[in-house]
Amino acid sequence: EIDAQGLWIHRKHESLGKVFGSCPDAVKHACDHTLNVVRTLSKEHLLKSPTAAATTSSAKEGDCPLQSTYLMGDSFTAADILFVHCLDWAESIGWMSLWIDKNCDDPSLVVLKNEYLPLCRERPAYQRATKIMKDNIAQQRRAAKL
């Protein structure tokens, strides 16, 4: 649901507003909805406990607030691929920085930014996929200049 809802509403009513019609209220509500979904996933699947979340910023060095490494436990699954894709998308449209700026002490967001996303982005497959995507974008831009 996370990818099909808020992010697509942004795409449709902000990025493609000239085609589908601009609807700033829908985009704002979509951003809020997506934030709620992201928080829920983080709290229920990544954080040790809601109270451990409160100590994230003051935890001892080396103390990890994660209850599990990935969404479904200690194994990376398709759920992580989809979630990271959605988080990357939210970051690319400015939502992630907005969420962090407004909620800098929210443990469910702090753990995503400082623990989960870096861990997932360090994976070799993520690195390869990101390189392919960037190469394709660069190739499209070169072709558009011709």
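A brief structural summary. Every value quoted in this text rests on a predicted model; they were computed, and no experiment measured them.

Over the atoms, a rolling probe the size of a water molecule traces out where space has been left empty. Within this model, the largest pocket holds a volume of roughly 570 Å³. Forming the walls of the largest pocket are 18 residues, and the residues nearest its centre are Val84, His85, Asp88, Tyr126 and Met133. Where the lining of the largest pocket is concerned, the elements lending two or more residues are helix H5 (78-92), helix H7 (107-121) and helix H8 (124-145). Looking at which element gives the most residues to the lining of the largest pocket, the answer is H5, with eight residues. For the lining of the largest pocket, the residue count by class is ten nonpolar, three polar and five charged.

On to the environment of Val27. Summarising the element assignment, Val27 is placed in helix H3 (residues 24-45). Given a relative accessible area of 6%, Val27 falls into the buried group. Along the backbone, Val27 and Ile9 are 18 residues apart, and their C-alpha atoms lie at a distance of 6.2 Å.

This brings us to the pattern of salt bridges. A side chain with one charge may pair with a side chain of the opposite charge, provided their charged atoms come close. With the rule as written, the count across this model stands at five salt bridges. Here Asp32 makes a salt bridge to Lys28, at a shortest N to O gap of 2.8 Å. One end of the pair, Asp32, and the other, Lys28, are both in helix H3, four residues apart, so they sit about a helical turn from each other. Since its relative accessible area comes to 32%, Asp32 is described here as partly exposed. The salt bridge partner of Asp106 is Arg39, with a shortest N-O separation of 2.5 Å. Of this pair, Asp106 sits in the loop between helix H6 (95-102) and H7 while Arg39 sits in helix H3; the two residues are 67 residues apart in sequence, bridging distant segments of the chain. For the residue pair Asp106 and Arg39, the accessibility class agrees, reading buried in each case. Because the salt bridges share partners, they merge into one network encompassing Asp88, Glu91 and Arg121.

What counts, and where the lines are drawn
- Residues numbered from 1 in each chain as written.
- Predicted model: local features only at pLDDT ≥ 70, side-chain atom pairs only at ≥ 80, totals over all residues.
- Heavy atoms only, no water.
- 1 Å grid on protein atoms, 1.4 Å probe; cavity = no way out; pocket = protein on both sides within 12 Å on 5 of 7 lines; lining within 4 Å.
- Points joined across faces, edges and corners; volume = space filled by probe spheres on them.
- Helix = DSSP H or I, 4+ residues; strand = E, 2+ residues; numbered from the N terminus.
- Nonpolar A, V, L, I, M, F, W, Y, C, P; charged D, E, K, R; others polar.
- Buried < 20%, exposed > 50% of the residue type's maximum accessible area, 1.4 Å probe, protein only.
- Salt bridge = Lys/Arg side-chain N within 4 Å of Asp/Glu carboxyl O.

As far as function goes, none of this settles anything; it's purely spatial.
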